Amino acid sequence: MKEQGTKFKDDCQLREMAEMLASYWLKKEDICKMFNIENTRTAREKISIIANELPVISSSKREGYKVATDTDDIELLKRADRELESRIKALQKRRKPLKKEIAKRSAASEK
C-alpha cells in the first residue's frame, strides 16, 4: 500500500507497522512481539500515531487493530466510527463534573 510508505517515510517502524496492519488484524501484544516493543502502552501510542494519519479500525466485536483497505466491508468501517463517536460522548460526560469542580474552585480562589 503506497499511502503508508509516504505517510511515515521518516519512521521505518511506523511504516512497517502500518503496512502490517493493512494486511492483518493485530493485537497490541502481537505488535510488541513483532516490533520488539517493551509494553502494550507504547504499542498503543504507535497505533494512535498511525490512526491520526490512516483509517485504523478497532471494534468491540473483534480483537485487535487493522488499517482499512479497499477490501474491508464498509459496515465494519461504519461500526468502528460509531464506536468512536460513543467513546467521544462518554468522555464529554466525564468532563462535566471536572469542569464544575474547576469552576467552583476558580470562583473560591477569586474571593
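What counts and what doesn't
- Residues numbered from 1 in each chain as written.
- Predicted model: local features only at pLDDT ≥ 70, side-chain atom pairs only at ≥ 80, totals over all residues.
- Heavy atoms only, no water.
- Helix = DSSP H or I, 4+ residues; strand = E, 2+ residues; numbered from the N terminus.
- Rg over C-alpha atoms; globule rule 2.2 N^0.38 Å.
- Buried < 20%, exposed > 50% of the residue type's maximum accessible area, 1.4 Å probe, protein only.
- Contact = heavy atoms within 4.5 Å.
- Areas by Shrake-Rupley, 256 points an atom, 1.4 Å probe, with all protein chains shown as cover.
- Lys, Arg positive; Asp, Glu negative; His and termini not counted.
- Charge placed at Lys NZ, Arg CZ, Asp CG, Glu CD.
- Pairing = 2+ DSSP bridges.
- Salt bridge = Lys/Arg side-chain N within 4 Å of Asp/Glu carboxyl O.

## With respect to the overall build of the chain
Logical step 1: A count of helical and extended segments in the chain gives five helices and two strands.
Logical step 2: Along the chain, helices and strands appear, N-terminal first, in the series α-α-α-α-β-β-α.
Logical step 3: At 18 Å, the chain has a C-alpha radius of gyration far larger than the 13 Å of a compact globule built from 111 residues.
Logical step 4: The C-alpha extent of the chain, read off along each of the three principal axes, is 60 × 30 × 25 Å.
Logical step 5: The proportion of buried residues among the 111 residues of the chain is 29%.
Logical step 6: Partitioning the contacts of the chain with sequence separation of at least 6, the portion at a separation of at least 24 is 42%.
Logical step 7: Of the roughly 8400 Å² that the chain leaves accessible, carbon and sulfur atoms contribute 48%.
Logical step 8: Each charge class in the chain can be summarised by its mean position, and for the 27 positive and 20 negative side chains these summaries are 8 Å apart.

## Some remarks on the pairing of strand β1 (residues 56-59)
Logical step 1: Neither face of β1 is open: one carries Val56 and Ser58, the other Ile57 and Ser59, and all of them are buried.
Logical step 2: With antiparallel pairing between neighbouring strands as the criterion, β1 and strand β2 (residues 62-67) make up a hairpin whose turn holds two residues.

## Thoughts on the pairing of β2
Logical step 1: Inspection of the sheet shows β1 paired to β2 by four bridges, in the antiparallel sense. Note on β2: the bridge partner recorded for Ser58 is Tyr65.

## Things to note about the side chain of Lys46
Logical step 1: With respect to the secondary-structure elements, Lys46 resides in helix α4 (residues 40-51).
Logical step 2: Buried charge without a partner: Lys46 forms no salt bridge, and the closest opposite charge is Asp11, 5.0 Å away.

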